[in-house]
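# Inside the fold
Listed below, chain by chain, are the residues.
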Amino acid sequence: MLGEGWIGQALNWLIGNPGVTWSGIGVPLAVAVAGLLWRLFRRPPPSVPTLVPATPQNTISHSAGAVQGVTGGGPVTITTNIGAPPIDPMQIVREYGAAMEAKAHAEAATLDAKREAADKAARLEETQKELAAAVSALDALRRDLPAQAPGIDSALAALREGRAADAESLFTMVLAAREAAGREQFREAAAAARHLGALAFLHDTGKALAAYRKAVELDPENADGWNLLGHLLMRVGDLDGAERAYGRVVELGERAGDKVTVAAGYGNLGLIHQTHGDLDLAEAFHRKSLALEEELGRKEGMANQYGNLGLIHRARGDLDGAEAFHRKSLELNEELGLKEGMANQYGNLGLIHQTRGDLDRAEEFLRKSLALNEELGRKEGMASDYGNLGLIQKARGDLDGAEAFFRKSLVLEEELGRKEGMANQYGNLGLIHRRRGDLDLAEEFLRKALALDEELGRKEGMANQYGILGVVFEARGDRVRAEEHFRKALALFRQVGMAREIAIAERNLKRIGAAVPAP
């Protein structure tokens, strides 16, 4: 027996009735959770490639693609036939968020505390649908076990007050109970682990990662579990681990003959290789995903892959090809009414015009993107828009205005814990200080950016930082170190295959009288 409290009694009932498996919601619950999480993780995390023009500068791009889910559609409603009437999970999530915010304002007396509070709020924004799935599971248990409803109501009330510990304890105990009950209960244990991961991600990334790892350990044939693990690994910068997880998604999808799952895995693998700077391999995966999405007639998936292919063409310097893909993606997103996708494509089209030097047209698209991202409350999209608008102000010579935008972007990136975005904004601030002549501060920011890019294995970002550091050493009269950094930038740009940036790096070497190495 697990104890005399309401959680223990509920779990004892569950273990004693293995045929019931959460009164019919065991495996369906996992499907429901997957559906809810698919709606969250289909949205595109902004990809932020950078460029080094003649006067090197960082740029930020919106991701046109999406980290895709592996289920066929939106949320699956969980229904049961007994007990109290259902609750509104999202209402509890909203109340939980409001309570957290109020608590943060009351307790955040120091700057560090305020940043921690902002980080928690950002995590809630990213995980609200997972939390809603966990609340739905509690509600189902509450209605299936009327005698235990008061205790479960207490856990739900605690959530409303901003305390997740009671609910988190429930899923921890469900996980332990199901795991202890034997292999036939592992799928239900895996579902509990995914719920635990959803709750833990609000405040403890390490615990969330452990829960998702436990989920795939208990149910290794569940493609959704591997996909979710891949998403989290990608967020924390473990690209190799994410690649292995997405590879498992493809393997399971192929084994089951599930083309939706395979398409999702291919698209996510494309994003991994895109981040690594292997554009040829990234394109191959995106085209594989696109072919399946077109065969299935899934317009949302097609829109994601058109956007990803647009980013690849822009990275190669093919602006016309990039624009064509982004417009195809925008058209589908508008047809489907997907504001997130529309915002991404407005941002990408803004970058196309920015690269062409049409700053007014670029700003028009970027402000359209920003308006949608603000409407949706998408902090990652807002951060990208702020960074790009900062680049426009910098190009116009308004360094103070540019710095203000870069710092607004950096604050959001730090709140979200997005190392890629932080690297770009550190680089952009380095450019501002270089333009002002403060070379020491410029180098400090650029080395922060380089450290993050190296940690993430982002060849494009590393190349940009080396190029800009080369300009800093050139300004100091240190030709030897300038050449060293220009050569490193050129080598990386050649590996990535970015024609425009290769030409710029070669010009930088020629400008200081250095020989350009053969390809």
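The structure displayed is predicted, hence computed values, not measured ones.

Along the backbone of the chain there are 24 helices and 0 strands. Across the 519 residues that make up the chain, the buried fraction comes to 61%. Considering only contacts in the chain between residues 6 or more positions apart, those separated by 24 or more positions represent 65%. Summed over its atoms, the accessible surface of the chain is roughly 19,600 Å², and 53% of this surface lies on carbon and sulfur atoms.

This next bit is on the packing of helix α18 (residues 379-395) against helix α19 (residues 399-416). Packing of α18 against α19 brings their axes to within 8 Å, and their N-to-C directions diverge by 160°. Here α18 lies roughly antiparallel to α19, going by the angle between them. Here α18 runs over α19; the crossing is left-handed. Only L399, G401, A402, F405, F406, K408, S409, L412, E413, E415 and L416 of α19 make contact with α18, whose side of the interface consists of K379, E380, M382, A383, Y386, G387, L389, G390, L391, Q393 and K394.

It is worth spelling out helix α15 (residues 319-336) at this point. Its 18 residues place the ends of α15 26 Å apart at the C-alpha level, agreeing with the 26 Å of an ideal helix rising 1.5 Å per residue. For α15, every residue scored as buried is listed here: L319, G321, A322, E323, F325, H326, S329, L330, L332 and N333. Here the buried face of α15 lies against α13 (279-296), α14 (299-315) and α16 (339-356). Within two residues after α15, G337 carries a phi angle of roughly 70°, on the positive side.

This brings us to the confidence of the model for the chain. Summing up the model confidence of the chain, the mean pLDDT is 75 and the portion of residues at 70 or higher is 60%. Confidence over residues 1-85 falls short of pLDDT 50; this stretch has 275 contacts with residues more than four positions distant or in other chains. In the predicted structure, residues 177-181 sits below a pLDDT of 50 and forms 14 contacts with residues beyond four places in sequence or in another chain.

Looking now at the packing of aromatic side chains. Taken as a whole, this structure holds 5 aromatic pairs when the rule is applied. Ring centres of Y426 and F445 lie 6.3 Å apart, and the angle between their planes is 35°; on these two criteria the pair is classed as tilted. On the criterion of sequence distance, the pair formed by Y426 in helix α20 (residues 419-436) and F445 in helix α21 (residues 439-456) is long-range, its members being 19 residues apart. Of the two residues, Y426 and F445, neither departs from the other in class, the shared state being buried.

Let us now look at the side chain of H353. You can see H353 is positioned in helix α16. For H353, a relative accessible area of 9% corresponds to the buried category. With residues up to four places along the chain from it excluded, the contact list for H353 reads E323, R327, D358, R361, A362 and F365.

Along the chain, the position of L279 falls in helix α13. Exposure remark for L279: the relative accessible area of 5% places this residue in the buried category. In the structure, L279 is positioned 32 residues away from L311 in sequence and 9.7 Å away in space, judged by C-alpha atoms. In this structure, L279 is in contact with I312, A315, R316 and V496, ignoring residues within four places of it in sequence.

It is worth spelling out the environment of L296 at this point. Within the secondary structure, L296 sits in helix α13. Assessed through its relative accessible area of 36%, L296 is described here as partly exposed. Taking C-alpha positions, L296 is 7.8 Å from V260, a pair spaced 36 residues apart along the chain. Every residue in contact with L296, bar those within four places of it in the chain, is listed here: K259 and V260.

Enumeration according to the criterion identifies 36 salt bridges in this entry. For the salt bridge of E403 with R436, the shortest nitrogen-to-oxygen distance reads 2.7 Å. Placement of the pair is E403 in helix α19 and R436 in helix α20, with a sequence separation of 33 residues. Residue class for E403 comes out buried when judged on its relative accessible area of 14%. Each of E221, R248, E251 and R255 takes part in one network of salt bridges that share partners.

Turning next to the nonpolar core. With 30 residues, the main nonpolar core has Y466, F486 and F493 as its most contacted residues. Of all the secondary-structure elements, those providing two or more residues to this core are α13, α14, α21, α22 (459-475), α23 (479-496) and α24 (499-511). It is α22 that provides the largest number of residues to this core, a total of 8 residues. Grouped together as the second largest cluster of nonpolar side chains are 25 residues, Y212, L252, L269 and F285 included.

With that settled, the discussion passes to the side chain of H326. By the element assignment, H326 lies in helix α15. By relative accessible area, which is 0% here, H326 ends up buried. In this structure the side chain of H326 is engaged in a polar contact, spanning 3.0 Å, whose partner is the side chain of Q345.

Moving on to the packing of helix α10 (residues 223-235) against helix α12 (residues 259-276). The relative placement of two packed helices is expressed as an angle between their axes plus a distance between the axes. Contact geometry for α10 and α12: axes closest at 12 Å, N-to-C directions at 15°. It follows that α10 is roughly parallel to α12 by the angle criterion. Read as a crossing pair, α10 and α12 show a hand that is left-handed. On the side of α10, the interface is formed by A223, N227, H231 and M234, while α12 contributes T261, N268, L271, I272 and T275. Of the residues in the contact of α10 with α12, the class split is 4 nonpolar, 5 polar and no charged.

Scoring rules and cut-offs
Residues numbered from 1 in each chain as written. Predicted model: local features only at pLDDT ≥ 70, side-chain atom pairs only at ≥ 80, totals over all residues. Heavy atoms only, no water. Helix = DSSP H or I, 4+ residues; strand = E, 2+ residues; numbered from the N terminus. Buried < 20%, exposed > 50% of the residue type's maximum accessible area, 1.4 Å probe, protein only. Contact = heavy atoms within 4.5 Å. Areas by Shrake-Rupley, 256 points an atom, 1.4 Å probe, with all protein chains shown as cover. Axes fitted to C-alpha atoms, helices over the stretch in contact; angles between N-to-C directions. Parallel < 35°, antiparallel > 145°, perpendicular 65-115°, else oblique. Left-handed = near helix turned anticlockwise from the far one by under 90°. Expected span 1.5 Å × (residues − 1). pLDDT = per-residue confidence, 0-100. Phe/Tyr/Trp six-rings, centres within 6.5 Å; stacked < 30°, edge-to-face > 60°. Salt bridge = Lys/Arg side-chain N within 4 Å of Asp/Glu carboxyl O. Core = buried A, V, L, I, M, F, W, Y, C linked by side-chain atoms within 4.5 Å. Polar contact = N/O pair within 3.5 Å; in protein donor to acceptor, adjacent residues only side chain to side chain. Nonpolar A, V, L, I, M, F, W, Y, C, P; charged D, E, K, R; others polar.

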